[in-house]
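Read off the chains here:
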Amino acid sequence: MPIKTNIKIQTNKTYKMESHKLLLFAFSGMFLFNTVIYAQSPSVIIKLDQPGFAVPSKLYGLMTEDINYSYDGGLYAELIHNRSFKDNSMSPEHWALVKEGEAKGKISLDRHNPVNEILLVSLQLDVQNAGTRIGVANDGYWGIPVRPKTTYTGSFYAKATKSAPLTISIESIDGKTVYAKALTKTLGREWMQYQLTLTTAADITPTANTRFVISTTDSGKYWVSQVSLFPPTYNNTPNGNRPDIMKLLADMKPSFLRFPGGNYLEGDYFSSRFDWKKTIGKLDQRCGHQSPWGYRSTDGMGLLEYLMWCEDLKMEPLLAVFAGYTLKGDYLDDPNLLQPFVNEALEEIEYVIGDQSTKWGAVRARDGHPASFPLSYIEIGNEDGFDRSGSYEKRFNQFAASIRAKYPQLKIISTVGGKNDWLSGRFPVPKGNPDLIDEHFYRNSIEMQEMASLYDNYDRTGPKIFVGEWATREGFPTTNFNSALGDAAFLTGLERNSDLVLMHCYAPLFVNINPGGMQWKSDLIGYNALTSFGSPAYHVQKMFSQNLGDQVVKFETSNLPTQLKKPSARDSATGVQPKVIPAMFFSVTKNAKAGIIYLKVVNSTPVVQKVKLDIQGIANISSKATAITLKAASTDDTNTIAEPEKIIPATTTVKGLGKHSEQSFPAYSITVLQIRTK
Ligand code: AHR
């Protein structure tokens with residue numbers, strides 16, 4: 001007898017029809033809709049009586065690079081844009097002349113009065129008539145964030161032809177409202193660095209419609225260089241990070257930080273790679289560099305700042321070292337020419353883990369951090385599948401051999417040799433015996449849902465897997481709920497296969513949502529100058545990472561709802577056929593000591609799913625469980641700077657648990673069920 005089955009298509013109409021017609025119907029609509037085919041009674045059997053395996057200690061981590069104004073204009077709390085006047089060699093971008101009353105003067109870049117061998121350019125203010133006031137204004141990274149009762153610290157180099165002080169202020173864009181003001185000491189004819197503090201009043205309304213102004217009421221010539229202004233930072237660290245974004249990250253409980261890239265590691269050219277030695281030491285010794293993402297990085301976020309960021313959030317650094325290949329395709333495969341870069345990587349590792357008796361450990365101590373940092377993983381390069389010359393094999397082997405000779409305890413990651421990722425899979429596993437292979441996946445939601453089973457049948461005889469970049473790419477600048485569903489489905493697969501996939505990290509992490517802030521669509525955390533928010537995908541990462549336990553538990557599912565994955569344009573071109581895939585996804589882990597089972601359930605169907613839940617191999621199940629649920633009315637729903645908490649997890653108590661029960665999972669939802677066994 002034909003089974004009656006409900007199907008739903010994206011018109012939001014539900015049809016009842018017989019199963020033999022269903023297939024025809026589904027396929028006829030496949031180029032238009034992702035059809036959901038409902039099953040009768042999904043069921044899950046959790047098998048606590050069968051041996052599981054330990055959850056790897058570093059399964060959830062973060063990936064970072066300077067993209068989308070991640071550091072300058074993002075996490076790194078510097079407020080002055082183009083602080084050292086290097087962003088544009090022709091004009092002082094982000095700086096403007098401020099004139100009031102009869103004021104007359106001009107500003108220009110000056111290369112004849114360097115502060116030092118790094119700060120070669122300064123901004124000259126040539127005042128013929130100071131009028132009521134004349135000066136220079138910086139527009140910040142889409143404004144200077146002003147909050148009540150807040151103290152800002154700043155510094156800049158200055159000199160003048162006149163002995164006069166300068167006035168520093170944070171003010172409204174029209175200059176009519178001054179939020180904070182301070183006066184420097186009298187300037188001299190030689191460069192001096194001036195420190196300043198500015199405090200706002202208690203009664204102001206937060207705003208970023210502001211500018212930072214350095215002004216005078218005296219005629220003459222003035223020069224300024226490396227102008228810097230910081231709000232309060234996380235842990236009040238000098239040259240530190242934005243507290244709101246650090247808090248979002250801390251809530252994700254990340255165990256490692258992959259840095260400094262990504263493309264940012266490689267650079268477009270050898271000269272614009274992440275040249276770590278140029279990112280350490282005093283700020284006036286950091287030249288900054290052109291990032292491949294289309295803007296200049298100050299390198300205020302340098303190697304030591306990355307490491308201290310790790311320390312602050314109790315993450316272990318996962319250091320990617322430049323491996324002699326750049327994004328524009330230059331590479332070095334001559335061992336003699338490559339060796340200086342291998343040495344550079346060895347020195348970088350010494351800066352991280354060497355004690356103070358080592359050359360680079362001593363430099364780190366000089367830079368303010370006597371203690372070394374933990375380090376277990378080194379990645380050699382980034383996405384070297386793009387190097388079609390095939391030079392990675394030699395480059396990897398040379399780096400790996402030298403690193404292992406000096407630091408045998410380190411695990412080495414190769415960027416090629418994967419089986420699932422087309423890019424990493426372009427070349428075989430290097431002979432130099434990598435411990436892990438880095439695979440990257442950027443896909444749409446249905447593809448990520450299909451990829452929940454990617455590692456289920458993966459050959460487990462080779463190196464372990466590091467999914468070093470991945471994201472479901474729907475919605476921008478931060479992703480929408482459909483992406484959250486794709487991410488959550490994929491994550492269930494990573495957790496289930498974490499005997500093989502030891503680590504993963506989403507990318508990109510950050511985006512400044514202002515116009516021009518985004519270079520890569522689909523990001524996890526968005527912000528402007530004043531506030532920040534997590535996408536639905538961010539909340540998935542947080543929910544999953546916070547509810548991980550220490551053992552992966554075996555389970556079986558049956559009778560799951562399914563959906564039709566229509567072929568993408570690329571799939572169609574290569575003959576890929578439509579495919580029926582599950583529309584619910586599960587992962588089970590436990591914390592045996594605490595007596596908690598974590599059941600993660602992703603329901604990507606537009607209806608409530610009632611799931612039969614059997615728990616085998618345990619005497620007691622508490623009848624009450626805690627459910628943490630993320631859901632949305634529509635898959636297009638998302639969080640924005642205006643509605644930052646439209647989709648956030650809700651915690652409820654679920655009753656009626658036992659060895660056999662039935663649990664309901666809302667339409668379009670991601671649930672973590674904390675089941676207590678004590
Ligand atoms: O995450 C954005 C970019 O994607 C990374 O820089 C690069 O590694 C990948 O191609």
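Structure report, in brief. (Residues numbered from 1 in each chain as written. Predicted model: local features only at pLDDT ≥ 70, side-chain atom pairs only at ≥ 80, totals over all residues. Heavy atoms only, no water.)

Taken in spatial order, the five strands of this open sheet run β8-β9-β16-β11-β14, and their pairing is antiparallel. Two strands in the sheet have a free side with no partner beyond their single neighbour: β8 (104–110) and β14 (192–199). The mean angle between the axes of side-by-side strands here comes to 30 degrees, regardless of whether they run parallel or antiparallel. Sheet topology note: the strand β9 (residues 122–129)/strand β16 (residues 220–230) ladder contains five bridges and is antiparallel. Following the sheet pairing, Gln 124 is matched in β16 by Trp 223. (Pairing = 2+ DSSP bridges. Helix = DSSP H or I, 4+ residues; strand = E, 2+ residues; numbered from the N terminus. Axes fitted to C-alpha atoms, helices over the stretch in contact; angles between N-to-C directions.)

Left-over empty space is what a probe sized like a water molecule reveals as it rolls over the atoms. Scanning the entire structure with this criterion turns up seven cavities of 30 Å³ or more. When its volume is computed, the largest cavity comes out at roughly 100 Å³. Every residue lining the largest cavity is counted, 13 residues in all, and those nearest its centre are Ser 84, Lys 86, Cys 287, Arg 296 and Thr 298. Grouping the constituent residues of the lining of the largest cavity by class yields two nonpolar, six polar and five charged. (1 Å grid on protein atoms, 1.4 Å probe; cavity = no way out; pocket = protein on both sides within 12 Å on 5 of 7 lines; lining within 4 Å. Points joined across faces, edges and corners; volume = space filled by probe spheres on them. Nonpolar A, V, L, I, M, F, W, Y, C, P; charged D, E, K, R; others polar.)

Let us now look at unusual backbone geometry. For the bond running from Phe 476 to Pro 477, omega is 0 degrees, close enough to zero to count as cis. Relative to the helices and strands, Pro 477 is located in the loop between β24 (464–472) and α9 (481–496). The step from Ala 507 to Pro 508 runs through a cis peptide bond, and the omega angle for that step is -15 degrees. Position of Pro 508 relative to the elements: it lies in the loop between β25 (501–506) and β26 (510–512). If you check the backbone angles, Asn 433 has positive phi at about 65 degrees while not being a glycine. Residue Asn 433 is classed as exposed on the basis of its relative accessible area, which comes to 55%. (Buried < 20%, exposed > 50% of the residue type's maximum accessible area, 1.4 Å probe, protein only.)

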